[in-house]
Amino acid sequence: MHRAWFVAAVTFVTIIGAAAFRSLPSLLIDPLHADFGWSRGTIGLAVSINLALYGLTAPFAAALMDRFGIRKVVATALIVIALGSGLTVWMNHAWQLLLYWGLLVGLGSGSMALAFAATVTNRWFTERRGLVTGILTAASASGQLIFLPLLAWIVETYRWRPAAVTVALAALVVVPFVWLLLRDHPADVGLKPYGAEEFVAKPPPVPGAARRTMAVLLKAARTGPFWLLAGSFAICGASTNGLIQTHFVPAAHDHGMPIRAAASLLAVIGVFDIVGTIASGWLTDRFDARRLLAVYYALRGVSLLFLPILLAPNVHPPMIFFIVFYGLDWVATVPPTLALCREQYGDDSAIVFGWVLASHQVGAAAVAFLGGVVRDTFGSYDVIWYASGALCAAAALMALVIRRRDPAAAPALTA
């Protein structure tokens, strides 16, 4: 078996470990509100800072990986995640939540974002890139699947502080695997990328990571496809991380559903997310990525319009159907979006995708905050469900109008 598959496996495990922290925010909204009296809008603001930094850090992390190597950047990011999550145990004021969970965990997680998966895929694979992208994207869902029921049980049984410690330890455990097993480039072990016909020399370190990242953004921003990809992916983030991952558990709890039951439903989303994302990667290798995105967004929007009437004290078959359907669609958008970035922007596609991912997280951050404000103002989440469904319809149209380009003609933006 080619060494690239082992590198992909280590990357998969690494993202699983980092995904533990992403399972916690939705479980903290009610406990922190009860313990400290903070409004849901304040708690949602901390989550929104986390989500925004998760995206805004990603393009710089991709450039830092070109400068210092994947191992150093990822290991440092995991340590920062552990530090931020661990410090929340001693917090007493809302600003500490914004600093620890918002700033530190946001910066660390941003370096572990999908730009990391894009960098590994671009360096180690020339074939099966769509499939590998799907597998690595599914890793975050696998982390959610593993940790969400466990963290929900810890929160209900021992309160929220032990759950924060569990997240910190999960991030630290992965660090040795990254340092010992991950390699930056196939040339480091004398191999060709998987599927390549010729040996590819390891490129020299690229200095000026921040300057290069901004240069790529400025040049990409002059092209129409960038704004269409960024806009549609912002809506993707708004309707997944910002909406369902942050507010589904408290919304279900508002309707009388136990927190552990609601968290288990989110974990089920994680199960089917793995299936849907890998299948989407397989489909991306074979079909028009634009049409795949349009279908994914349209179906997601329709499902959100039905959610308010499905929430109830008990888990019933229509709700299970929604969870399975939403899970299949959750991050199925990533493989075709990354494929379109690669098609449009060539060697700089990982950094461009980092900026597109930044828009994803800005959209998620906006809805994480606005969802809390809507709940505080109207006493229910219904308005935010309907608004997100309408936005998904707009994202479907944006995907369809992206113009195709010959991948061989995609220029390097920093050339």
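The rules behind these values
- Residues numbered from 1 in each chain as written.
- Predicted model: local features only at pLDDT ≥ 70, side-chain atom pairs only at ≥ 80, totals over all residues.
- Heavy atoms only, no water.
- Salt bridge = Lys/Arg side-chain N within 4 Å of Asp/Glu carboxyl O.
- Helix = DSSP H or I, 4+ residues; strand = E, 2+ residues; numbered from the N terminus.
- Buried < 20%, exposed > 50% of the residue type's maximum accessible area, 1.4 Å probe, protein only.
- Axes fitted to C-alpha atoms, helices over the stretch in contact; angles between N-to-C directions.
- Parallel < 35°, antiparallel > 145°, perpendicular 65-115°, else oblique.
- Left-handed = near helix turned anticlockwise from the far one by under 90°.
- Contact = heavy atoms within 4.5 Å.
- Nonpolar A, V, L, I, M, F, W, Y, C, P; charged D, E, K, R; others polar.
- Phe/Tyr/Trp six-rings, centres within 6.5 Å; stacked < 30°, edge-to-face > 60°.
- Lys NZ or Arg CZ within 6 Å of the ring centre and 35° of its normal.
- Core = buried A, V, L, I, M, F, W, Y, C linked by side-chain atoms within 4.5 Å.

Participant: What am I meant to see in the pattern of salt bridges here?
Facilitator: Opposite charge on two side chains permits them to pair, given that their charged atoms come into close proximity. Summed over the entire model, instances satisfying the criterion amount to six salt bridges. With a shortest N-O distance of 2.9 Å, Arg 159 and Asp 35 are connected by a salt bridge. Of this pair, Arg 159 sits in the loop between α8 (129–158) and α9 (160–181) while Asp 35 sits in helix α2 (residues 25–36), placing them 124 residues apart in sequence. Looking at Arg 159, the relative accessible area reads 39%, which means it is partly exposed. In the salt-bridge network here, residues are joined through shared partners; they are Asp 288, Arg 290 and Arg 291.

Participant: Which parts of the structure should I look at to understand the packing of helix α3 (residues 40–56) against helix α6 (residues 94–110)?
Facilitator: To characterise two packed helices, one gives the angle between the axes of the helices and the distance between these axes. Where α3 contacts α6, the axes come no closer than 7 Å and their chain directions differ by 20°. Comparing their axes, α6 and α3 come out roughly parallel. The two elements α3 and α6 cross, and the hand of that crossing is right-handed. Residues Thr 42, Ile 43, Leu 45, Ala 46, Ile 49, Asn 50, Leu 53 and Tyr 54 of α3 form the contact with α6, whose own contacting residues are Ala 94, Leu 97, Leu 98, Trp 101, Gly 102, Leu 103, Val 105, Gly 106, Leu 107, Ser 109 and Gly 110. Classifying every residue of the contact of α3 with α6 by side-chain character gives 13 nonpolar, six polar and no charged.

Participant: Even after reading the chapter, I still don't get the packing of aromatic side chains, so can you show me in this structure?
Facilitator: In total, this model carries eleven aromatic pairs according to the counting rule given. Relative to Phe 325, the ring of Phe 321 has its centre 6.3 Å away and its plane inclined at 20°; by these criteria the two rings are stacked. Here Phe 321 pairs with Phe 325, and both are found in helix α15 (residues 317–329), just four residues apart, close to one helical turn. We classify Phe 321 as exposed; its relative accessible area is 61%. Measuring from ring centre to ring centre gives 6.1 Å for Tyr 381 and Trp 385, while their planes differ by 40°; the resulting arrangement is tilted. By the ring-pair criterion, three or more aromatic residues cluster together here, those being Trp 5, Phe 125 and Tyr 194. Just above the ring of Phe 68 sits the side chain of Arg 67; from NZ or CZ to the centre is 4.8 Å. We note Arg 71 situated over the ring of Trp 179; from NZ or CZ to the ring centre the distance is 4.9 Å.

Participant: Where do I start with the nonpolar core in this structure?
Facilitator: One recurring pattern in soluble globular proteins is that nonpolar side chains are buried together. Judged by nonpolar contacts, the single largest core of 90 residues is most densely connected at Leu 24, Leu 27, Ile 244, Phe 248, Met 319 and Trp 385. For this core, the element with the highest residue contribution is helix α17 (residues 349–378), accounting for ten residues. Dropping the residues within four chain positions of it, Leu 24 is found in contact with Trp 101, Leu 151, Val 155, Ala 163, Ala 164 and Val 167. With 30 residues, the next largest nonpolar core counts Met 65, Val 74, Val 132 and Val 174 among its residues.

Participant: Before we go on, may I ask you to explain the environment of Val 80 in this structure?
Facilitator: The topology assignment puts Val 80 in helix α5 (residues 70–87). By relative accessible area, which is 24% here, Val 80 ends up partly exposed. Residues Val 80 and Leu 107 lie 27 residues apart in sequence; the distance between their C-alpha atoms is 7.7 Å. The contacts of Val 80, once residues within four sequence positions are left out, are Leu 104 and Gly 108.

Participant: Whenever I open this one, the packing of helix α11 (residues 224–239) against helix α16 (residues 334–345) confuses me. Can you help?
Facilitator: For the pair α11 and α16, interaxial distance at closest approach is 11 Å and the crossing angle is 165°. With respect to α16, the axis of α11 lies roughly antiparallel. Judged by the sense of rotation from one axis to the other, the crossing of α11 with α16 is left-handed. Taken together, the residues of α16 that come into contact with α11 (itself represented by Pro 225, Phe 226, Leu 229 and Phe 233) are Val 334, Thr 337, Leu 340, Cys 341, Gln 344 and Tyr 345.

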